Amino acid sequence: MAYNSKTVCKLVGISKRQIGYWDETHLIKPSVQEAGGRGSVRLYSFADLVQLAVVKSLIDQGITLQKIRKSINYLKKNFPQIEKPLAQLKFLTDGKTIFILTSNKKEILNTLAEGQLIMSIALGQIIEDLKGEVASLSQDRKYKVKVGRKNYDVILHPDLEDGGFWVECPGLPGCASQGDTLEESLEMIKDAIGGHLEILRENAAPKKKLSRIA
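Residues numbered from 1 in each chain as written. Predicted model: local features only at pLDDT ≥ 70, side-chain atom pairs only at ≥ 80, totals over all residues. Heavy atoms only, no water.

### Considerations on the overall build of the protein chain
From N to C terminus, the protein chain includes seven helices and 10 strands. Looking at the protein chain as a whole, 39% of its 214 residues qualify as buried. Taking all contacts inside the protein chain whose residues are at least 6 apart in sequence as the whole, residues at least 24 apart take part in 48%. Of the roughly 13100 Å² that the protein chain leaves accessible, carbon and sulfur atoms contribute 50%. (Helix = DSSP H or I, 4+ residues; strand = E, 2+ residues; numbered from the N terminus. Buried < 20%, exposed > 50% of the residue type's maximum accessible area, 1.4 Å probe, protein only. Contact = heavy atoms within 4.5 Å. Areas by Shrake-Rupley, 256 points an atom, 1.4 Å probe, with all protein chains shown as cover.)

### Things to note about the sheet that holds strand E7 (residues 141–147)
The four strands lie next to each other as E7-E8-E9-E10, forming an open sheet whose pairing is antiparallel. Across the chains shown, the open sheet's two edge strands, defined by having one partner strand only, are E7 and strand E10 (176–179). Ignoring strand direction, the axes of neighbouring strands in this sheet form an average angle of 30°. Sheet topology places strand E8 (residues 150–158) next to strand E9 (residues 165–168); four bridges connect them, and they run antiparallel. When the sheet's bridge partners are listed, Leu 156 is paired in E9 with Val 167. (Pairing = 2+ DSSP bridges. Axes fitted to C-alpha atoms, helices over the stretch in contact; angles between N-to-C directions.)

### Overview of the pairing of E10
Residues Ser 177 and Gly 179 line the buried face of E10, whereas the alternating positions Ala 176 and Gln 178 sit on a face that is not buried. Where E9 lies against E10, four bridges are found, and the strand directions are antiparallel. When the bridges of E10 are listed, Phe 165 appears paired with Gly 179.

### Side note on the layout of surface pockets
Volume-wise, the second largest pocket comes out at about 190 Å³. Lining the second largest pocket are 15 residues, with Leu 27, Ile 28, Lys 29, Gln 51 and Lys 76 positioned closest to its centre. Breaking the lining of the second largest pocket down by element, the ones donating at least two residues are helix H3 (46–60), helix H4 (65–78) and helix H5 (85–88). Class assignment for the residues of the lining of the second largest pocket results in six nonpolar, three polar and six charged. (1 Å grid on protein atoms, 1.4 Å probe; cavity = no way out; pocket = protein on both sides within 12 Å on 5 of 7 lines; lining within 4 Å. Points joined across faces, edges and corners; volume = space filled by probe spheres on them. Nonpolar A, V, L, I, M, F, W, Y, C, P; charged D, E, K, R; others polar.)

### As for helix H6 (residues 123–137)
With 15 residues, H6 extends 21 Å between its outermost C-alpha atoms, agreeing within 8% with the 21 Å of an ideal straight helix rising 1.5 Å per residue. Along H6, the residues classified as buried are Leu 123, Ile 126, Leu 130, Val 134 and Leu 137. One side of H6 holds all its buried residues, which, seen down the axis, span an arc of 70°. (Expected span 1.5 Å × (residues − 1). Arc of directions from axis to C-beta.)

### Remarks on the environment of Ser 138
Of note, Ser 138 is situated in the loop between H6 and E7. Spatially, the C-alpha atoms of Ser 138 and Pro 158 are 5.5 Å apart, while their sequence positions differ by 20 residues. The contact partners of Ser 138, leaving out residues within four places of it in the chain, are Pro 158 and Leu 160. A polar contact of 3.4 Å, which involves the side chain of Ser 138, links it to the backbone oxygen of Ala 135. (Polar contact = N/O pair within 3.5 Å; in protein donor to acceptor, adjacent residues only side chain to side chain.)

### Quick word on the pattern of salt bridges
Overall, the coordinates contain nine salt bridges when judged by the stated rule. Notably, a salt bridge pairs Glu 34 with Lys 29, separated by 3.8 Å at the nearest N-O pair. Among the ionic pairs, Lys 144 bridges to Asp 153, the shortest N-O distance being 2.5 Å. Accessibility expressed as a relative area gives 60% for Lys 144, which makes it exposed. Assessed through its relative accessible area of 45%, Asp 153 is described here as partly exposed. (Salt bridge = Lys/Arg side-chain N within 4 Å of Asp/Glu carboxyl O.)

In structure tokens:
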């Protein structure tokens, strides 16, 4: 599954400006699809989400982007077998220094300098939280819309890749629409239902005339 920038902002709690800057400066680049010019869309994988969330967590604990970048470069150089260190390694920080927990639990690899350990990056918890956010954001939603004098059940399906929603009316097979926001999607499906009903009426009209002649 891929996630566009708008969806990433909601899931990780960062701004589009941060995403763009981190991409342009090669801190965290989208691994599914990079921005290829005006109108193109960045697409991130779940592993990318984890890395972005780890960077945000480190920043929240007082680590600068410069230090984070320095740590990533160190890890890539010394652990070439680890493709995405921010999504695969466990971190500790004192707000000034980043430490890595290695496979040897008694050994702590200091990527920047010596310091006192007082905080930790709970990578497992970050992953579980992101899974919960993804599940919540991707969950279908049921609503009722009124067209004329009748209420119709509709289902909104979030589009995590392109953003927005596509919406369908199960009671009218083939009746569907889309929108960038919840409100727009509901208005669009109301218009689609109205158009669908009009077509049904037009298709039914000739049949009634033929039955009278017969």
